[in-house]
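A look at the structure
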Amino acid sequence: MIAPSQLPRLLRIASVLARYRVDELLPPARRPRALAWLRALLPTPPADVMALPRGERLVLALTGLGPIFVKFGQILSTRRDLLPPDVADALTQLQDRVAPFPAMQARNAIERALGDTIAARYAAFDDVPLASASIAQVHAATLADGREVVVKVLRPDIGERIGADVALLRALAGVVERTHPSADKIRPQAIVDEIETTLTNELDLQREGANASLLKRNFAGSDDLYVPEVHWSHTSSGVLTLERVRGIPVDDLAALDAAGIDRVALAEKGVRLFYTQVFRDNFFHADAHAGNIWVDATRTADPRFIALDFGIMGSLPERDQYWLAENFLALFNQDYARIAELHVRAGWMPATARLDEIEAAVRTVCEPYFTRPLSEISLAEVVVKLFAVARRHDLTLQPQLILLQKTLLNIEGVGRLLHPRIDIWATAKPVLEKIWRRRSGPRAMLKALRRRVPEWIAAAPDMPQLVHGYLAQATSGTMELRIASDDLRRIERGLRRSQRMHSLFSLGCALALLAALLHYATPGAPPLVVWLAGSGAVLALMLAARGA
């Protein structure tokens, strides 16, 4: 329910939307009457505003409403299945650039956050900001030892403003949940949760510093990506001090060409970096628009990206990462039946969905693309159309994948900008296959087993008593089965795989125990028998882990 205290802000939002004629994005029959009435009360917009395309007017409206609406627009840009192409294209360029706040306020905020004066912490500090956004702005400075840095400081009272807007957005999401026929698939409250989490994380600049530090460690010594160093002595939750870097914005093609940068090699590196961050590290830059990506001008033949702004980083639950990688591989291999199966097994579609119908729908979308040269196929476009197909088959929106979809669109956009004929598929497929072989191969399985062995050893003394209690209940008929959920279809779907996994796990444990007894308690045991028992244990446990 919308509280009375939220009505002034709601009226302000409605007036901005009406001023930019945002209601014209909707078909006439679906335009809110309230906006039409409000529009009649407002002065006619300037002619230069009305001459703008509708997508650009929407961008101006969202920018004027503040950071939470900018983030909402960025997330909405990933839902191309819901938007006209011109509007989606405009939203992908959405960047929260706003007028700077006074330097004295920035100085006061930095001194409060660091507990010291500017003069004591920095040898020089430039009052003119290098950049200004809706959440923070950035100033150039110099440390006492002469190193150049940039200082990022939050806008005054930004936390309170975002909190009020989140509360209003949550109230509006409640209205959508109660009135929209597909609310259970759209999941408006989950989307608000995702926006709130993203913005809350951006308000903690120490967290952003930690993100930059981890990304720098992941690509230490890399020829593909450079990440500026964090100066922790000059960083807190309200201030972030980073090494100052210089480069060419990735969308400044004239400057890249003048510097002799190999744009083809750069575009292919960008695609490889995306898959490396997502599937090797499970930690990816999720705000990779052109304003946050520079190019190292000192490296021409072997160009390198420079990453900026680490407030929005993404990672996926291990389960979703698995399903996503398998979906990409199935798409690369044109295995439509596998795509249908994966969507149901992942729980993204109901278990009652007919796999043959999903497979046919996916084939209908994909086959026309595969008649083109691979260099003309847009992976992001295919994913968007598959998303629309899945929605028609009762796809449940996965908020944790929204950032990833947005990043995929951004990365492919940058790649096409640098090299319009880039073969996204040929570049991405071998990278993902190589990374996924390493992640799911024998070495990875052994590494996972080594991590779990200490837990198994710690639990081993309790196992005989637990097994005895289990068998006693089973033989006496006193065992009870309690099901807390009525989602029996999901249980049935996973039952066979779980049974195989448990059987292999039990066999592996038994063989491991046999090998240990033969090795430690039976001095005369033949080494070959011990080796066979141990090898069988490792194989069974690896298969059990893969089945999990």
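Sequence order as written defines residue numbering, which begins from 1 separately in each chain. Two thresholds apply to this predicted model, a pLDDT of at least 70 for residue-level local features and 80 or more for giving and counting side-chain atom pairs, whereas whole-chain, interface and lining totals are computed over all residues. To get the side-chain values, all heavy atoms of the structure are used, and hydrogens and water are removed first.

**Some remarks on the overall build of the protein chain**
Labels follow the DSSP assignment, with helices taken as runs of H or I lasting at least four residues and strands as runs of E lasting at least two, numbered in each case from the N terminus. Within the protein chain, the regular secondary structure consists of 24 helices and 11 strands. Looking at the 548 residues of the protein chain, the share that counts as buried comes to 44%. In the protein chain, 68% of the contacts between residues at least 6 apart in sequence involve partners at least 24 apart. The protein chains shown are the only cover counted for residues, whose accessible areas, like all others here, come from Shrake-Rupley with a 1.4 Å probe. For the protein chain, the computed accessible surface area is about 28400 Å², with 58% contributed by carbon and sulfur atoms. Exposed residues in this analysis have more than 50% of their type's maximum accessible area, buried residues have under 20%, and partly exposed residues fall in between, with area computed by a 1.4 Å probe over protein chains only. Contacts are residue-level and defined by heavy atoms, with any inter-residue pair within 4.5 Å sufficient.

**A few points about the side chain of Thr235**
Within the fold, Thr235 resides in the loop between β5 (225–226) and β6 (239–243). Its relative accessible area of 10% is what places Thr235 among the buried residues. Looking at Thr235, its side chain comes within polar contact range of the main-chain nitrogen of Thr241, at 3.2 Å. If we skip the residues at most four places from it in the chain, Thr235 touches Leu114, Gln206, Val230, Leu240 and Thr241. Whenever a nitrogen or oxygen atom comes within 3.5 Å of another N or O atom, the pair is scored as a polar contact, on the condition that within protein one atom can donate a hydrogen and the other can accept it, and that pairs from neighbouring residues in sequence are kept only if both atoms are in side chains.

**Describing the environment of Asp302**
Within the fold, Asp302 resides in the loop between β9 (293–295) and β10 (305–307). With 78 residues separating them in the primary sequence, Asp302 and Asp224 have C-alpha atoms 8.3 Å apart. Setting aside anything within four residues of it in sequence, one finds Asp302 in contact with Asp223 and Lys269.

**Examining the nonpolar core**
By nonpolar core we mean a set of buried residues, namely Ala, Val, Leu, Ile, Met, Phe, Trp, Tyr and Cys, connected to one another through side-chain atoms within 4.5 Å. With 110 residues, the main nonpolar core has Leu215, Tyr275, Phe279, Phe305, Phe328 and Leu379 as its most contacted residues. Sequence-distant contacts of Phe328, that is, excluding residues within four places in its chain, are made with Tyr275, Phe279, Leu379, Val383, Leu408 and Leu432. Counting residues in each nonpolar core, the second largest holds 14 residues, with Ala109, Ile110, Leu114 and Val149 among its members.

**Comments concerning the sheet that holds β5**
Strands are labelled as partners when DSSP assigns at least two bridges between them. The four strands lie next to each other as β5-β10-β9-β7, forming an open sheet whose pairing is mixed. Looking along the sheet, the strands with just one partner apiece sit at the ends: β5 and β7 (248–249). For helices, the axis comes from a line fit to the C-alpha atoms of the stretch in contact; other axes are also lines fit to C-alpha atoms, and the angle between any two N-to-C directions lies between 0 and 180 degrees. The sheet strands contacting helix α14 (residues 263–281) are β5, β9 and β10, and the helix crosses β10 at an angle near 45 degrees.

**Some points on helix α4 (residues 54–65)**
To estimate how far a helix should reach, multiply one less than its number of residues by 1.5 Å. Over its 12 residues, α4 runs 17 Å from end to end, which matches the ideal 16 Å to within 8%, given 1.5 Å per residue. Along α4, the positions that sit buried rather than exposed are Gly55, Arg57, Leu58, Val59, Ala61, Leu62 and Leu65. Just beyond α4, the residue with positive phi is Gly66, at close to 115 degrees.

**Let's talk about the packing of aromatic side chains**
Only the six-membered ring of Trp is used, alongside the rings of Phe and Tyr, when aromatic pairs are assigned; centres must lie within 6.5 Å, and planes under 30 degrees apart are stacked while those over 60 apart are edge-to-face, with the rest tilted. According to the stated counting rule, one finds nine aromatic pairs in the structure shown. Between Tyr322 and Trp323, the ring centres sit 5.0 Å apart and the planes meet at 70 degrees, which makes this aromatic pair edge-to-face. In this structure Tyr322 comes out as partly exposed when scored by relative accessible area, which is 32%. Members of the aromatic cluster, joined through ring pairs, are Phe274, Tyr275, Phe279, Tyr322, Trp323, Phe328, Phe332 and Trp436. Put simply, a charge is over a ring when the Lys NZ or the Arg CZ is close to the ring centre, within 6 Å, and near the line of the ring normal, within 35 degrees. The ring of Phe219 is capped by Arg280, whose NZ or CZ atom sits 5.1 Å from the centre of that ring.

**Quick notes on the side chain of Arg155**
The residue Arg155 is located in the loop between β4 (148–154) and α9 (158–179) in this model. Only 2.7 Å separates the side chain of Arg155 from the backbone oxygen of Ala133, close enough to count as a polar contact. Setting aside chain neighbours within four positions, we find Arg155 in contact with Val98, Ala99, Pro100, Phe101, Ser132, Ala133, Ser134, Ile135, Ala136 and Gln137.

**Describing helix α12 (residues 205–218)**
With 14 residues, α12 ought to run about 20 Å at 1.5 Å a step, and its terminal C-alpha atoms sit 20 Å apart, in line with that. Those residues of α12 lying buried are Leu205, Glu208, Gly209, Asn211, Ala212 and Leu215. Viewed along the axis of α12, the buried residues span an arc of 155 degrees, placing them on a single side of the element. Note: the arc covers the axis-to-C-beta directions of the helix.

**With respect to the pattern of salt bridges**
A side-chain nitrogen of Lys or Arg and a carboxyl oxygen of Asp or Glu constitute a salt bridge if their distance falls within 4 Å. For the structure on display, the rule yields 23 salt bridges. Of the charged contacts, one joins Asp224 and Lys269 as a salt bridge, the two residues approaching to 3.1 Å between their closest N and O atoms. Taken together, the residues Asp224 in the loop between α12 and β5 and Lys269 in helix α14 connect sequence positions 45 residues apart. Looking at Asp224, the relative accessible area reads 23%, which means it is partly exposed. Here Glu341 ties to Arg345 by a salt bridge, and the two come within 3.3 Å at their closest N and O atoms. Residue Glu341 and its partner Arg345 are both found in helix α16 (residues 336–345); the two are separated by four residues, about one turn of the helix. With relative accessibility at 29%, the residue Glu341 sits in the partly exposed group. The structure contains a network of salt bridges with shared partners spanning Asp223, Asp224, Lys269, Arg299 and Asp302.

Geometric descriptors of this kind do not, in isolation, establish any biological role.
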